[in-house]
Amino acid sequence: MDIRAILLAAGSGSRFGGGKLLAPLSDGVPVGVASWRKLSAAVEENLVVVRSTDTELGDLFRAAGAKVVNCADAHAGMSHSLIAGLEATAHADGWVIALGDMPFIMPQTIMKVANAIERGALIAMPSYQGTRGHPVGFSSRLLPELLTIKGDEGARDVVRRHAGECELIA
């Protein structure tokens, strides 16, 4: 199966004061690049969605080896950047959607989510002590529904509508 990974890195980081994905971790690697490295270690076919106005971040990801998709309307909410990533990979059998500000998620966790989608799960996500987490995997059967999401909640409503069909990975 053709499972793709999408790193959502088009937020403004306003609660952080801006530039959150450029902030260096203790090893000097920017948060966004560290997040992408974990994702790309788990899912070979991947891309990063950035704001089209954020050339510094886009250039940083390209220099790291990432395929970058620019999202002109990212300011209108996370749904727009997710849709940009989905449209760029619409032929895929499923996706693992990760957030650019989560550099500590282990590749093994990401692989488990991708594997669940490959095995036929409609939605898959890790959970810890009953709390759902990231990244979230989606089957291509949900593409029409995912392409209609709106606002800044990403695919949260899609997950709610299909709560009984979510595979939780401990």
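Heads up: these notes are all about the structure in this document. (Residues numbered from 1 in each chain as written. Predicted model: local features only at pLDDT ≥ 70, side-chain atom pairs only at ≥ 80, totals over all residues. Heavy atoms only, no water.)

With that settled, the discussion passes to the nonpolar core. Formed by 31 residues in total, the largest nonpolar core has its most connected members in Val48, Phe61 and Val96. Secondary-structure elements contributing two or more residues to this core are strand E1 (3-9), helix H1 (31-42), strand E2 (46-51), helix H2 (55-64), strand E4 (94-99) and helix H4 (107-118). If you tally residues by element for this core, the top one is H1, at six residues. Among all residues touching valine 48, those that are not within four sequence positions of it are Leu7, Ala9, Trp36, Phe61, Ala66, Lys67, Val68 and Val69. Judged by nonpolar contacts, the second largest core, of 29 residues, contains Ile6, Ala92, Leu146 and Val158. (Core = buried A, V, L, I, M, F, W, Y, C linked by side-chain atoms within 4.5 Å. Buried < 20%, exposed > 50% of the residue type's maximum accessible area, 1.4 Å probe, protein only. Helix = DSSP H or I, 4+ residues; strand = E, 2+ residues; numbered from the N terminus. Contact = heavy atoms within 4.5 Å.)

Gaps left between atoms are located by rolling a probe of water-molecule size over the structure's atoms. Under the counting rule described, the total for this entry stands at one cavity of 30 Å³ or more. As for the largest cavity, its lining consists of Leu7, Ser35, Lys38, Leu39, Ala98, Leu99, Met102, Ile105, Ile110 and Pro135. Only H1 and E4 provide two or more residues apiece to the lining of the largest cavity. Among the elements that make up the lining of the largest cavity, the one with the highest residue count is H1 (three residues). Residues that form the lining of the largest cavity fall into these classes: eight nonpolar, one polar and one charged. (1 Å grid on protein atoms, 1.4 Å probe; cavity = no way out; pocket = protein on both sides within 12 Å on 5 of 7 lines; lining within 4 Å. Points joined across faces, edges and corners; volume = space filled by probe spheres on them. Nonpolar A, V, L, I, M, F, W, Y, C, P; charged D, E, K, R; others polar.)

Moving on: the pairing of strand E5 (residues 123-128). In terms of burial, E5 is largely enclosed, as five of its six residues are buried. Here E5 pairs with strand E7 (residues 136-139) via two bridges, running antiparallel. Opposite isoleucine 123, over in E7, you have phenylalanine 138 as the bridge partner. Pairing geometry for E5 and strand E8 (residues 166-169), over four bridges, is parallel. In the strand pairing of E8, proline 126 is matched with isoleucine 169. What sits between E5 and strand E6 (residues 131-132) in their antiparallel hairpin is a turn of two residues, with glutamine 129 showing a positive phi close to 50 degrees. (Pairing = 2+ DSSP bridges.)

Before going further, it helps to examine the pattern of salt bridges. This model, assessed by the stated rule, comprises eight salt bridges. Two residues, arginine 4 and glutamate 45, come together in a salt bridge whose shortest N-O distance is 3.6 Å. Here arginine 4, found in strand E1, pairs with glutamate 45, found in the loop between H1 and E2; they are 41 residues apart in sequence, far enough to count as distant. Judged by its relative accessible area of 16%, arginine 4 is buried. The residue glutamate 145 makes a salt bridge to arginine 161 at a minimum N-O spacing of 2.7 Å. Of this pair, glutamate 145 sits in helix H5 (residues 143-146) while arginine 161 sits in helix H6 (residues 156-161), and the two are 16 residues apart along the sequence. Bridged by salt links that share partners, the residues Asp2, Arg4 and Glu45 form one connected network. (Salt bridge = Lys/Arg side-chain N within 4 Å of Asp/Glu carboxyl O.)

One can describe the packing of H1 onto H2 by two numbers: an axis separation of 10 Å at closest approach and a directional angle of 40 degrees. Comparing the axis directions of H1 and H2 gives the class oblique. In the packing of H1 onto H2, the handedness of the crossing is right-handed. Facing H1, whose interface residues are Gly32, Val33 and Trp36, H2 presents Leu60, Phe61 and Ala64. In the contact of H1 with H2, the residues fall into five nonpolar, one polar and no charged. (Axes fitted to C-alpha atoms, helices over the stretch in contact; angles between N-to-C directions. Parallel < 35°, antiparallel > 145°, perpendicular 65-115°, else oblique. Left-handed = near helix turned anticlockwise from the far one by under 90°.)

Moving on: the environment of methionine 1. Position of methionine 1 relative to the elements: it lies in the segment before E1. Overall, the relative accessible area of 59% leaves methionine 1 in the exposed class. In the structure, methionine 1 is positioned 91 residues away from alanine 92 in sequence and 8.1 Å away in space, judged by C-alpha atoms. When residues no more than four places from it in sequence are discounted, the contact partners of methionine 1 are Asp93, Ile117 and Glu118.

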